[in-house]
Amino acid sequence: MTYTDPIENPAGAIQTVMLGTGYSSLAIGGAKALPFHFFDGVMPNPPRIAMEVYDAEPSGWPASLTEAIGDVISDPVAWAKACVEQWGADMVCVQLASTDPNGANRTPEEAAQTVKEIASAVNVPLVVYGCGNAEKDAEVLKKVAEVVSDTVLAIGSASDENYKPITAAALGYGHVVVAETPIDVNMAKQLNILITQMGLPSNRVLIDPSVGAVGYGVEYAFTVMQRLRLAALNQNDAMTQMPMICNLGREAWRSKEARATAEEEPIWGDAEKRGVLWETSTAITFALSGADVLVMRHPKAVATVRTAINGMLDQ
Amino acid sequence: MGLSGIEIFKQLPKTNCGDCGVPTCLAFAMKLAQGQAELASCPHVSEEATAALSEASAPPMRKVTVGTGEAAFTVGEETVLFRHDKTFVHPCAIGVAVSASESDETIDATVAAALAADFERVQQRLRCGFVSVVGSSDAARYAAVVSRIHAACDLPLVLQTDDVAELTAALDAVGDSKPLICGATTANADQVFALAKSKACPVVVRAEGLAAVMELTEKATAAGLTDIVIDSAPSSEGKAFRDRTFARRAALQKKVAALGYPVIAFPGAHAGGDELLETTYAAADVGSYASIIVLTGAEPWRMLPLLVLRQNLYTDPQRPMQAEAKIYPINNPGPDAPFFVTTNFSLTYFIVAGEIEGGKQPAYLGVVDAEGLSVLTAWAAGKFVPERIAKFVKDSGMAGTLSHREIIIPGAVAQISGELAEELDGWNVVVGPYEASDIPAFLRRRAG
């Protein structure tokens, strides 16, 4: 029997979403095949890595993480510059955790000021996540969208509770919406329908499928993402053709396996390598299942995943 | 598997005699197509039909077992490209390589690390799968090292050398333990296939590219071998991914029997000595059709993420993993510690337990058998209801452990609090947070 490569030619294509502006602009998505399936079709933009920056110094992070980030951890602008200049991030993901009404409860104006300062300090596009409180995020992201309108941001996450004000802000100031639904193909489609029905073009939406880390539901996200991608490519289903963003850094570093010291869990071994690998193994799993943007935290994990993606590109 | 029920039916006698235990030939054909019956159950089927059907109904991917006894592993027999189409069947084996040229101390240390990589998670044992011994063109040394490792551990062995003298010596020593011969190349195929045949051991065939691999698997089949593993000798992680994808597609979709074998991966070959990169590549291998993954080290910090990832991706999507229903003490709780209950869906358990642990406050977590469903689903299905929770609490003996009588239920089932209080006489039912992520704040408020 002679061998021929069993290639496939998917009918659909992933949208190309443009973020940033001018020299800092960056294309997301655009694939016409499953991830890294170059033999089936193009993947013009490899998964981008967005490094996290918190708007206020995070507490409770393990030493293996805070020591790697260093002193910049208390200064969002310096942190963002380190992400880009030292650690080679494609994008910066600003996490506005301090706007949480149950926490520091910073105002939308303060949050927008932070984003503005970061945007002018780095030459890469920004993703801006609120604190996860639907009502507050709507206020905060509206202000951010207005104050930082000279570049295209990805703002989110918009859920079924607050997609209207967030989409309106994105429409008004030219931004991209991150649409988040809880690990479900149909809910993701439904939210994309609602958002695009408001008039936002489908190349200005990113899908956030709400991922879990290795050991904490990674398989659900892996499968939902594969199913979304197959629907986009094989069924040519327009409402699944948005690029996907995985907010995985915080999930990986929330897990006990990434956080425990070697003294606490001697049979698990070196804490830093274990934590970094918890993040990289989560990230590469999502890169394989369709992530176009990986939101990551540890500089070493970022460097490793970037090299791993480059290794996957070598076919 | 390859044929539909109707295609199989055409080959059957169509007498509806019922001798196979199924009333009609059509029904028997349908069972055959679903893999629920064996063709041998039909005493009347013709020889030609048997030949035609056994060829076509052979699994699209062979099963291969390496090792003997409890630690033996089986890979292959996969039937889908995507886990959501059914499930992945046999979890990939993840093991460690050590060179026979190393000192005995180094070899012993690697074996010790392999044995120490042994974890329990959701009532499953997760451990390093094998030790692969790399040759150094010294048959006596190779046989001695292989014997030394075999005596020191129960893990299956991989004989990772093309040197026929080394393989012969090692197989004389440990051939009965069914090691994986790794392997046969175009240069040594005749001799290695003869060794594999005489010792009844599985064998890896290695050649550059899938076309060359096919030639070797066909040659192995002609030599009477069935337990074959393939290695297309890829020069990058991307090429390894491409070849595995092609092999899986060819076997499952194009019925290319010569590629219907498990694939072995060596992520370290592309990582240039970077152990974090190697392990990250190995994670990619777990998620993309590798059946046997050979690492250059077995330290727990790299084995744990890979073994947990494997457990996750190889879970049957139709049958979620269940945590053991029992009381879990977290952060050394005393008699005054808060007492939570939740369901035994493994993800629910891990997330709730993780949040309590992360909150650094001591607590007891009672995991109720709700048949593996999450809280809301279990409540809706009548599996996480006051009666069951009350019985669990009474059987748990927590009344004797605690100095208080307070039970915290998930916020998602706040509506059952009244009824549960009635079922649990003398207990105070507190409604906890809706989201597990709010548990640390909830505990802080309670403590402070």
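A. Summary view of the overall build of chain B. Per the secondary structure count, chain B includes 17 helices and 17 strands. When the backbone C-alpha atoms are referred to their principal axes, chain B occupies close to 75 × 70 × 35 Å. Counting all 448 residues of chain B, 49% fall into the buried class. Looking at chain B alone, contacts between residues at least 24 apart form 64% of all its contacts between residues at least 6 apart.

B. Structural view of the overall build of chain A. The number of helices and strands found in chain A is eleven helices and ten strands. Compactness check: chain A gives a C-alpha radius of gyration of 19 Å against a globular reference of 20 Å for 315 residues, within 12% of the reference. Considering only C-alpha atoms, chain A reaches an extent of 65 × 55 × 35 Å along its principal axes. Evaluated residue by residue, chain A yields a buried proportion of 57% over its 315 residues. Taking the contacts inside chain A whose residues are at least 6 apart along the sequence as the reference set, 69% of them involve residues at least 24 apart.

C. Fine view of the domain arrangement of chain B. Per the domain assignment, the segments making up chain B are domain 1 (5-57), domain 2 (63-313) and domain 3 (327-447). Using C-alpha coordinates to define each centre, domain 1 of chain B is positioned 53 Å away from domain 3 of chain B.

D. Structural view of the nonpolar core. Val-92, Val-127, Leu-206 and Leu-294 of chain A together with Val-203 of chain B are the most contacted members of the largest nonpolar core, which totals 248 residues. Split by domain, this core shows at least three residues from each of two domains, domain 2 (63-313) and domain 3 (327-447) of chain B. If sequence neighbours within four positions are ignored, Val-203 of chain B has contacts with Ile-181, Gly-183, Ala-184, Val-192, Phe-193, Ala-196, Ala-220, Leu-225, Asp-227 and Ile-228 of chain B. Formed by nine residues, the second largest nonpolar core is a distinct cluster that contains Ile-8, Ala-29, Leu-32 and Cys-42 of chain B.

E. Geometry of the pairing of strand β5 (residues 126-129) of chain A. All names here are of chain A. Across the two faces of β5 the burial is the same, with Leu-126 and Val-128 and Val-127 and Tyr-129 all buried. Note that strand β4 (residues 91-95) and β5 share four bridges and pair parallel. Across the sheet, residue Gln-95 finds its bridge partner in β5, namely Tyr-129. With helix α3 (residues 108-121) bridging β4 and the parallel β5, this β-α-β connection has right-handed handedness. When β5 meets strand β6 (residues 154-158), the two strands line up parallel, connected through three bridges. Residue pairing in the sheet places Tyr-129 in a bridge with Gly-156 of β6.

F. Highlighting the interface of chain A and chain B. Taken together, the 46 residues of chain A in the interface contact 51 residues of chain B. Residue classes in the side of chain A that touches chain B are distributed as 20 nonpolar, 15 polar and eleven charged.

G. Geometry of the sheet that holds strand β12 (residues 292-295) of chain B. Residues and elements named next belong to chain B. The strand order β10-β9-β8-β7-β6-β3-β12-β11 describes an open sheet built from eight strands, whose pairing is parallel. Since the sheet does not close on itself, it has two edges, and those belong to β10 (228-231) and β11 (264-265), each with one partner. Here four bridges tie strand β3 (residues 93-99) to β12, and the two strands are oriented parallel to one another. Note on β12: the bridge partner recorded for Gly-95 is Val-294. Across the sheet, helix α7 (residues 189-199) lies against β8 (180-184) and β9 (203-206), angled at about 165 degrees from β8, the strand it touches most.

H. The environment of Gln-322 of chain B, seen in detail. Residues and elements named next belong to chain B. Structurally, Gln-322 is set in the loop between α11 (300-313) and β13 (327-330). On the neighbour-count criterion, Gln-322 (19 C-beta atoms within 10 Å) is partly exposed. For the pair formed by Gln-322 and Val-308, sequence separation is 14 residues and the distance between their alpha carbons is 15 Å.

I. Expanded view of unusual backbone geometry. Note the cis peptide between Gly-156 of chain A and Ser-157 of chain A, where omega equals -5 degrees. Take Ser-157 of chain A: it is sitting in strand β6. Omega for the bond connecting Cys-182 of chain B with Gly-183 of chain B falls within 30 degrees of zero, at 0 degrees, which places this linkage in the cis form. Within the fold, Gly-183 of chain B resides in strand β8. Although it is not a glycine, Glu-77 of chain B sits at a positive phi angle of roughly 60 degrees. Position of Glu-77 of chain B relative to the elements: it lies in the loop between β2 (73-76) and β3. A positive phi angle is found at Asn-332 of chain B, which is not glycine, with a value near 50 degrees. Positionally, Asn-332 of chain B belongs in the loop between β13 and β14 (339-343).

Cut-offs applied
The residue numbering used here restarts from 1 in each chain and proceeds along that chain's sequence as written. Chains carry letters and ligands carry numbers; both start at the beginning, A for chains and 1 for ligands, and go up in the order they are written. In keeping with the model being predicted, local features are shown solely for residues with a pLDDT of at least 70 and side-chain atom pairs are shown and tallied solely at 80 or more, while totals for entire chains, interfaces and linings include all residues. Helix and strand definitions follow DSSP, with helices as H or I runs of at least four residues and strands as E runs of at least two, each counted in order from the N terminus. Burial is judged by counting other C-beta atoms within 10 Å of a residue's own C-beta: 20 or more means buried, 12 or fewer means exposed, and anything between counts as partly exposed, with every C-beta placed from the backbone. Distance between backbone-placed C-beta atoms decides contact: two residues are in contact if it is within 7 Å. In this setup the radius of gyration rests on C-alpha atoms only. A globule is expected at 2.2 Å times the number of residues raised to 0.38. Boundaries between domains were set according to an automatic or database domain assignment. As used here, a nonpolar core is made of buried Ala, Val, Leu, Ile, Met, Phe, Trp, Tyr and Cys residues. They are joined through C-beta atoms within 7 Å. Strands pair, by our definition, only if DSSP identifies at least two bridges between them. Seen with its strands pointing away from the viewer, a crossover is right-handed if its path from the first strand over the helix to the second goes clockwise. In this classification, the charged set is Asp, Glu, Lys and Arg, the nonpolar set is Ala, Val, Leu, Ile, Met, Phe, Trp, Tyr, Cys and Pro, and all remaining amino acids, among them Gly, are polar. For helices, the fitted axis covers only the stretch in contact; all axes are lines through C-alpha atoms, and the angles between them, taken along N-to-C directions, range from 0 to 180 degrees.

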